[in-house]
Amino acid sequence: MEIYVFDKELDFRGLLEGYTSLIWHRRYSKHGDFELHCVLNSENLELLKKGNVIWKNDDEEAGYIQYRNLSMDNEGNEFLVVQGKFLTGYLNRRIIWGIENLNTTAELAIRELINNNVINPLDIDRKIDMVALGEVKGYTKTTNLQTSYENLLDKVEDIANTAELGIRTLLDLENKKIVFDIYEGLDRTATNGVNAPAIFSKEFENVLEQEYTDSSNNYRNVALVAGEGEGIDRKKVAIGEGAGLDRYELYVDARDIQSKKENDAVIPEVEYLQLLRDRGNDKLSEYKDIQTFNSKINLNSNLEYKVDFDLGDKDTCVSKKWGVTIDTRITEIEEVYESSGKRVNVTFGDSMPTLIDKLKEVIK
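Please read these numbers as outputs of a predicted model, since none were measured by experiment. Residue positions are given per chain, counting from 1 as you read along its sequence in written order. Where local features are concerned, this predicted model is filtered to residues with pLDDT of at least 70; where side-chain atom pairs are given and counted, the filter is 80 or more; whole-chain, interface and lining totals use all residues. Only heavy atoms go into the side-chain values, all of them from the structure, while hydrogens and water stay out.

1. A short note on helix α2 (residues 106-119)
- Elements are defined by DSSP. Helices are runs of H or I of four residues or more, strands are runs of E of two residues or more, and each kind is numbered from the N terminus. For a helix, the expected span equals 1.5 Å multiplied by the residue count minus one. Along its 14 residues, α2 runs 18 Å from first to last C-alpha, staying within 8% of the 20 Å computed at 1.5 Å per residue.
- Summarising burial for α2: 10 of the 14 residues are buried, a large majority.
- Burial classes: relative accessible area under 20% of the type maximum marks a residue as buried, over 50% as exposed, and values in between as partly exposed (1.4 Å probe, protein chains only). Taken together, the buried positions of α2 are A106, E107, A109, I110, R111, L113, I114, N117, V118 and I119.

2. Section: empty space enclosed by the protein
- Whether a set of points on the 1 Å grid over the protein atoms alone is a cavity depends on a 1.4 Å probe fitting there but being unable to get out, while an open set qualifies as a pocket with protein on both sides within 12 Å along at least five of seven lines; lining residues are those with an atom within 4 Å of a point. Grid points are joined across faces, edges and corners, and a volume is the space filled by probe spheres set on the points. Considering all chains together, one arrives at 2 cavities of 30 Å³ or more under this definition.
- Counted as a void, the largest cavity has a volume near 40 Å³.
- If you go around the largest cavity, the residues you meet are L87, T88, Y90, L91, V131, T169, I178 and F180.
- Of the residues contributing to the lining of the largest cavity, the split by class is 6 nonpolar, 2 polar and no charged.
- The computed volume of the second largest cavity comes to approximately 30 Å³.
- Every residue along the wall of the second largest cavity is listed here: N144, L145, Q146, I257, L275, D278, R279 and D282.
- Only β10 (142-148) and α4 (269-284) provide two or more residues apiece to the lining of the second largest cavity. The classification used treats Ala, Val, Leu, Ile, Met, Phe, Trp, Tyr, Cys and Pro as nonpolar, Asp, Glu, Lys and Arg as charged, and all other residues, Gly among them, as polar.

3. Some thoughts on α4
- Between the first and last C-alpha of α4 there are 23 Å, a value that for 16 residues agrees with the 22 Å anticipated at 1.5 Å per step.
- Those residues of α4 that sit buried are Y272, L273, L275, L276, D278, R279, G280, D282, K283 and L284.

4. Digging into the sheet that holds strand β9 (residues 131-133)
- The 3 strands lie next to each other as β9-β12-β11, forming an open sheet whose pairing is mixed. On the outer flanks of this sheet lie β9 and β11 (166-172), each paired with one strand and no other. Going from strand to strand, the sheet's axes swing by 30° on average, the running direction of each strand aside.
- A strand pair is defined by DSSP finding two or more bridges across the two strands. One ladder, built from 3 bridges, connects β9 with strand β12 (residues 177-183); its direction is parallel. Residue pairing in the sheet places V131 in a bridge with I178 of β12.
- Here, two residues are considered to be in contact whenever any of their heavy atoms come within 4.5 Å of each other. For helices, the fitted line uses only the C-alpha atoms of the stretch in contact; every axis is such a line through C-alpha atoms, and the angle between N-to-C directions lies from 0 to 180 degrees. Strands in contact with α2 are β9 and β12; relative to β9, the strand with the most contacts, it is inclined by about 150°.

5. Description of the pattern of salt bridges
- Think of a salt bridge as a Lys or Arg side-chain nitrogen and an Asp or Glu carboxyl oxygen that are within 4 Å of each other. The tally for this structure, following the rule as stated, stands at 23 salt bridges.
- Between K306 and D59 there is a salt bridge, and its shortest N-O distance comes to 3.7 Å. Of this pair, K306 sits in the loop between β18 (290-297) and β19 (314-319) while D59 sits in the loop between β5 (53-56) and β6 (63-72); the two residues are 247 residues apart in sequence, bridging distant segments of the chain.
- Relative accessible area serves as the criterion here: at 33%, K306 is assigned to the partly exposed category.

6. Quick notes on the sheet that holds strand β17 (residues 249-253)
- Strand order across the open sheet formed by 3 strands is β16-β15-β17, with mixed pairing between neighbours. The outermost strands of the open sheet, each flanked by one partner alone, are β16 (236-240) and β17. Strand-to-strand twist of the sheet, defined as the mean angle between neighbouring strand axes without regard to direction, takes the value 20°.
- Taken strand by strand, α4 contacts β15 (222-226), β16 and β17, and its axis lies near 45° from that of β16.

7. Some details on the side chain of S285
- By secondary structure assignment, the location of S285 is in the loop between α4 and β18.
- S285 gets classed as buried once you look at its relative accessible area, which sits at 16%.
- S285 has contacts with N161 and T162, leaving out every residue within four places of it along the chain.

8. Digging into the pairing of β5
- Burial of the side chains of β5 extends over both faces: V53 and W55 are buried on one face and I54 and K56 on the other.
- Direction of pairing for strand β1 (residues 3-6) relative to β5: antiparallel, over a ladder of 4 bridges. The residue bridging F6 from the neighbouring strand is V53, located in β5.
- Here 2 bridges tie β5 to β6, and the two strands are oriented antiparallel to one another. For I54, the partnering residue across the bridge sits in β6 and is G63.
- Where β5 folds back onto β6 in an antiparallel hairpin, the turn is made up of 6 residues.

Shown next as structure tokens:
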């Protein structure tokens, strides 16, 4: 595996000759990130500048550098650490500039947001020339939402997560383009009947370490959604089901959803209330009952990484000793490259919300 470095215009700058470790963190419905450690010398310092793009030649995605740290230990050895996001993270530099009403498939909604705010925006200064959209796949899950002035990356990830779609930005070096692609992982569960199954278990010796989490800490199943208006005149809808101790309630402030469009047209009340319901369903999807298998994969087993399983696939995880069997999606894959070799750590299912995730919810 070799690491190539390009500038932000995707002009080749050099091949990274040596590094001590690389963590390459892939995610399904969110952007990935990386961390690279190497010796600090003049060549690496010049090559690994902020804004430059790194690509490892066994991957379809690349990442841009946004952080550098230079340090020296007590023996005089100097080190360089760089961190960054996969190229999908470029969407974080844009907001949704205006009000977007999207009543279509999740795939087409994401494409429309990227087209309007990155590829063909009204303000030419907002355009990112190298970004292109991949082919339409025809995924049928729908979305009905109104959004305005939110961070573009956050909203794209929200839509993808709700629709269980993957997002990635593929590197097209020949045309110096980065292609935003929406995809769906394969069903490789034990009973899928179409694709060769991928079953992960200590008993099958394809898992070296395994950790299972079953948590309802963040779970909600009923939402009260409040839209425009004040006091008793505020428009509200309730969605979800649950009674007694099995009812977990959530309040959703949807005041940003307005019935009046920018062209002064008014959304009919039936459609407006449906927008509130859809906002509530989107929020409830962020408060799921979580079952997660975090597993360190045996790379010398019966299942080959990127051939028999990959990011986004639905697989079967089994622990006979713990009495647990779940069919779930691979949502994250962490590749670790060190002098001792390569490791692959896989997250099956939704991971627990991080502090940053919770802070974003408070800000929203």
